[in-house]
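# Fold and geometry: a report
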Amino acid sequence: MQIRLVLFLLWLLLPLSSLQAQKVLVCDGATRFPIRDVLVSVDGKNVGLTTWQGTINLPDSFQIATFKKKGYASEKLFRSEVLRDTVFLFPAEHYLDEVVVIGKQVVDGRELLKKMPKRDILEKKPAHSLLEFDVGLMLDKRLRRDRQHVEKLREVFKKMDGLEDKEDPILKAYRQTQLELKADSIQKKNEQKELKK
């Protein structure tokens, strides 16, 4: 009877002991596969090695955990960083400690754009001799498509601006009336300002 009671109490205490420890998975940063035999130390004290599945139980309260394995860059993490349950170690051959970038020449992009020649997509090719031809331009479907698209857009904008001669006379008269009304209202506002002075 007493043995059953002791076993029952141990059975109840086992889940509580697992609550105290945190299970962490240690994986390779490049392949994402678990790494076995990673030496784990917490606050300077060795906790043990990871299992063949790459897992290890860490104590509930610690400040810094260190993960080391030959061929990998060691990783020092605070407790808040380990709470994500997975730690990635990166192979030492792919690992860079610190990268310092020093600029030697400053390039002003705006000035470069001002100096660049401005060409229109609809601009015709410069004259060349009969023996010269550009196979790339001949086979460039995207350029032909873009040119057609730009031509259509410019026609639409001309219609919207009312610059086309084939404009509907009613719409043209309406647009002109609106412009005149707008000009009159601006003139009246200017006159009122002058009177107030």
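Each remark here, short or long, concerns the structure printed above.
Quick caveat: nothing in here was measured; it's all calculated off a predicted structure.

## Some details on the sheet that holds strand β3 (residues 45–49)
- Strands sit in the order β3-β2-β5-β6 across an open sheet of four strands; the sheet is antiparallel. The open sheet is flanked by β3 and β6 (75–78), the only strands paired with a single partner. On average, each strand axis in the sheet is tilted by 20° relative to the strand beside it, whichever way the strands run.
- One ladder, built from four bridges, connects strand β2 (residues 39–42) with β3; its direction is antiparallel. Residue pairing in the sheet places V40 in a bridge with G48 of β3.

## Re unusual backbone geometry
- Phi angles above zero are rare outside glycine, and R32 is one such case at about 70°.
- Within the secondary structure, R32 is located in the loop between β1 (22–28) and β2.
- Residue D37 is not a glycine yet carries a positive backbone phi of 60°.
- Structurally, D37 can be placed in the loop between β1 and β2.
- By relative accessible area, which is 40% here, D37 ends up partly exposed.

## Thoughts on the nonpolar core
- Core analysis: the largest hydrophobic core is formed by 15 residues, its most contacted members being V38, L58, F67 and V82.
- Elements with a minimum of two residues in this core: β1, β2, β4 (55–58), β5 (64–68) and β7 (86–89).
- Ignoring any residue separated from it by four or fewer positions in sequence, one finds F67 in contact with V26, V38, L39, V40, L58, S74, E75, L77, V82, V87 and L89.

## Here's the deal with the side chain of T50
- When you line up the elements, T50 lands in the loop between β3 and β4.
- The exposure class assigned to T50 is buried, which follows from its relative accessible area of 3%.
- At a separation of 3.0 Å, a polar atom in the side chain of T50 contacts the main-chain amide nitrogen of D37.
- Only 3.0 Å separates the side chain of T50 from the backbone nitrogen of V38, close enough to count as a polar contact.

## A short note on the sheet that holds β7
- One open sheet holds the three strands; their spatial order is β4-β1-β7, and the pairing between them is mixed. In the strand order of this sheet, the two ends are held by β4 and β7, each with one partner. Neighbour-to-neighbour, the strand axes of the sheet open up by a mean angle of 35°, direction not taken into account.
- Note: β1 against β4, four bridges, orientation antiparallel. Following the sheet pairing, Q22 is matched in β4 by L58.

Calculation rules
- Residues numbered from 1 in each chain as written.
- Predicted model: local features only at pLDDT ≥ 70, side-chain atom pairs only at ≥ 80, totals over all residues.
- Heavy atoms only, no water.
- Pairing = 2+ DSSP bridges.
- Helix = DSSP H or I, 4+ residues; strand = E, 2+ residues; numbered from the N terminus.
- Axes fitted to C-alpha atoms, helices over the stretch in contact; angles between N-to-C directions.
- Buried < 20%, exposed > 50% of the residue type's maximum accessible area, 1.4 Å probe, protein only.
- Core = buried A, V, L, I, M, F, W, Y, C linked by side-chain atoms within 4.5 Å.
- Contact = heavy atoms within 4.5 Å.
- Polar contact = N/O pair within 3.5 Å; in protein donor to acceptor, adjacent residues only side chain to side chain.

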